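# Working through the structure, step by step
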Amino acid sequence: MKYVPLGSSPLNVSRVCLGSMTWGVQNNQQQANEQIDFALSQGVNFIDTAEMYAVPPSEQTYGKTETIIGNWLAANPDKRQDIVLASKIAGPGLAYIREGSPISGKTVKQAIDASLMRLQTDYIDLYQLHWPNRQSPHFGKHWPNSDGFLVEDSTIETEQMLDILQGLADSVNAGKIRYCGLSDDTPWGINQYLRLSEQYDLPRIVSIQNEFSLLHTKDWPYLIENCVHENIAYLPWSPLASGLLTGKYIDGARPAGSRWTYMQRQGLFRDTNTSNAAVKAYVDLAKQHHITPAQLALAWCDQVNGVTSTIIGATTMAQLEENITAYDRFLSKEVIIEINKILKQYPVPF
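Residues numbered from 1 in each chain as written. Predicted model: local features only at pLDDT ≥ 70, side-chain atom pairs only at ≥ 80, totals over all residues. Heavy atoms only, no water.

## Some words on the environment of Thr316
Turning to its location among the elements, Thr316 is positioned in the loop between strand S10 (310-312) and helix H9 (317-325). For Thr316, a relative accessible area of 35% puts it in the partly exposed group. Taking the C-alpha atoms as reference, Thr316 lies 45 Å from Asp153; in sequence the two are 163 residues apart. (Helix = DSSP H or I, 4+ residues; strand = E, 2+ residues; numbered from the N terminus. Buried < 20%, exposed > 50% of the residue type's maximum accessible area, 1.4 Å probe, protein only.)

Here's what the structure looks like:
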């Protein structure tokens with residue numbers, strides 16, 4: 001396993017980050033324990049969760065994933081120092097989480113205290129804003145003139161960012177969190193937080209996690225360039241496009257128990273005819289080179305310049321083993337050329 005710095009922080013994280021959002025719906029405590037134990041045995045030291053999880057989110061499953069991780073930590077207290085633990089505060093819009101209110105300095109501190117109790121730990125290594133208060137061009141909302149985008153008052157938004165950073169600073173100073181990050185944000189969001197941190201001597205953002213995969217490359221090159229030059233860790237989530245790049249959903253297939261058989265908060269916006277065609281091309285390419293489609297997609301993501309650590313998820317141990325093995329694969333220049341041909345043919349499939 002390779003390790004890299006987490007942005008400007010002194011933390012070193014594995015190139016693989018273990019995602020946990022299925023724990024509490026598709027996976028139970030025992031299965032999550034098995035995943036954590038196996039990942040650690042393979043050198044993974046980075047685990048990502050969120051107060052909103054499990055997914056699909058609901059009032060009944062809110063906080064369940066953190067609780068599962070907390071139970072594992074309580075049973076393995078000697079391993080806490082070996083793990084870089086990341087969690088996230090939910091953004092606005094979910095009525096059962098603080099009545100759907102926007103993120104603020106006050107709610108950040110409330111959410112951190114609640115997460116610490118569920119996680120049964122004294123500190124969170126990386127605390128992230130799950131999505132910004134303003135509408136952001138993610139979850140299929142990146143098309144020109146998408147509804148709700150660019151309607152906020154930037155002055156008000158910046159004032160909210162400052163208040164959030166001050167709340168994060170209080171939690172850093174109290175030893176409850178160590179470093180701060182973003183999720184589902186944009187270059188403007190990154191740079192506003194950096195400017196405010198410098199201007200007011202507040203915690204610096206060290207990372208951002210956004211959706212990034214062979215089917216969703218919109219962060220390359222502009223946002224990733226921003227991250228590289230500002231020393232911010234770029235953490236792709238959904239590198240398999242919610243399982244689509246494994247090939248299991250080709251031509252409308254819905255394997256029993258798979259994620260797409262569950263209700264999706266944002267709908268199946270990745271399920272398009274173009275996505276289907278692109279996946280078929282990637283599956284064929286993987287077969288030609290005697291690797292699985294998942295390994296092709298994950299190895300490609302790992303080799304993109306500027307990627308720090310990729311967040312993977314699995315519902316079975318076989319999937320987890322396959323996914324982690326992908327990071328031992330090195331895609332040759334010839335394979336990358338073939339991938340680029342498919343990328344150019346299907347640049348924005350959803």
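## Some thoughts on the packing of helix H5 (residues 187-200) against helix H6 (residues 222-230)
The geometry of H5 relative to H6 is characterised by a closest axis approach of 9 Å and an angle of 25 degrees between their N-to-C directions. In this view, H5 runs roughly parallel relative to H6, as classed from their interaxial angle. Each of Pro187, Ile190, Asn191 and Leu194 in H5 lies in contact with H6, whose residues at this interface are Leu223, Asn226, Cys227 and Glu230. (Axes fitted to C-alpha atoms, helices over the stretch in contact; angles between N-to-C directions. Parallel < 35°, antiparallel > 145°, perpendicular 65-115°, else oblique. Contact = heavy atoms within 4.5 Å.)

## Some details on the pairing of strand S9 (residues 233-237)
One face of the sheet, then the other: side chains in a regular strand alternate in exactly this way. Of all the five residues making up S9, five are buried; the element is thus mostly covered by neighbouring parts of the structure. With burial as the criterion, each face of S9 is covered, one bearing Ala233, Leu235 and Trp237 and the other bearing Tyr234 and Pro236. In terms of strand pairing, strand S8 (residues 205-211) meets S9 through five bridges, oriented parallel. By the bridge assignment, Glu211 is partnered in S9 with Trp237. Following the chain from S8 across H6 to the adjacent parallel S9, one finds a crossover that is right-handed. (Pairing = 2+ DSSP bridges. Right-handed = clockwise from strand over helix to strand, strands pointing away.)

## A short note on H9
Leu320, Asn323 and Ile324 are the residues of H9 that are buried. For H9, the buried positions fall inside an angular range of 95 degrees around the axis, keeping them on one side. Considering only its buried residues, H9 is in contact with strand S3 (16-19), helix H1 (29-41), helix H8 (293-303) and S10. (Arc of directions from axis to C-beta.)

## A word on the packing of aromatic side chains
Inspection of the entire model under this criterion finds six aromatic pairs. Ring centres of Tyr62 and Tyr96 lie 6.2 Å apart, and the angle between their planes is 65 degrees; this geometry places the pair in the edge-to-face category. Highlighted residues: Tyr62 in the loop between strand S4 (46-48) and helix H2 (64-75) and Tyr96 in the loop between strand S5 (84-89) and helix H3 (105-119), separated in sequence by 34 residues. Members of the aromatic cluster, connected to one another through ring pairs, are Phe212, Tyr234 and Trp300. (Phe/Tyr/Trp six-rings, centres within 6.5 Å; stacked < 30°, edge-to-face > 60°.)

## Thoughts on the pattern of salt bridges
As enumerated under the stated definition, the model contains 16 salt bridges in all. A salt bridge links Arg98 to Glu51; its shortest N-O distance comes to 2.5 Å. You can see Arg98 sitting in the loop between S5 and H3 and its partner Glu51 sitting in the loop between S4 and H2, a full 47 residues away along the chain. Under the relative-accessibility criterion, Glu51 is labelled buried at 0%. (Salt bridge = Lys/Arg side-chain N within 4 Å of Asp/Glu carboxyl O.)

## Some thoughts on the side chain of Asn210
Within the secondary structure layout, Asn210 lies in strand S8. For Asn210, a relative accessible area of 0% corresponds to the buried category. One polar contact links the side chain of Asn210 to the main-chain amide nitrogen of Asp184, over a distance of 2.8 Å. Side-chain polar atoms of Asn210 contact the side chain of Asp219, separated by 3.0 Å. When neighbours within four sequence positions are excluded, Asn210 is seen to be in contact with His138, Ser183, Asp184, Asp185, Asp219, Leu223, Tyr234, Leu235, Pro236 and Trp237. (Polar contact = N/O pair within 3.5 Å; in protein donor to acceptor, adjacent residues only side chain to side chain.)

## Observations regarding the nonpolar core
Counting residues in each nonpolar core, the largest one holds 84 residues, and the members touching the most others are Leu168, Leu215, Leu245, Tyr282, Leu296, Trp300 and Ile339. Element by element, the count of residues in this core is highest for H8, at seven residues. Residues Leu11, Val13, Val84 and Ala86 belong to the second largest nonpolar core, which totals 14 residues. (Core = buried A, V, L, I, M, F, W, Y, C linked by side-chain atoms within 4.5 Å.)

By themselves, these are just geometric observations and shouldn't be taken as functional.
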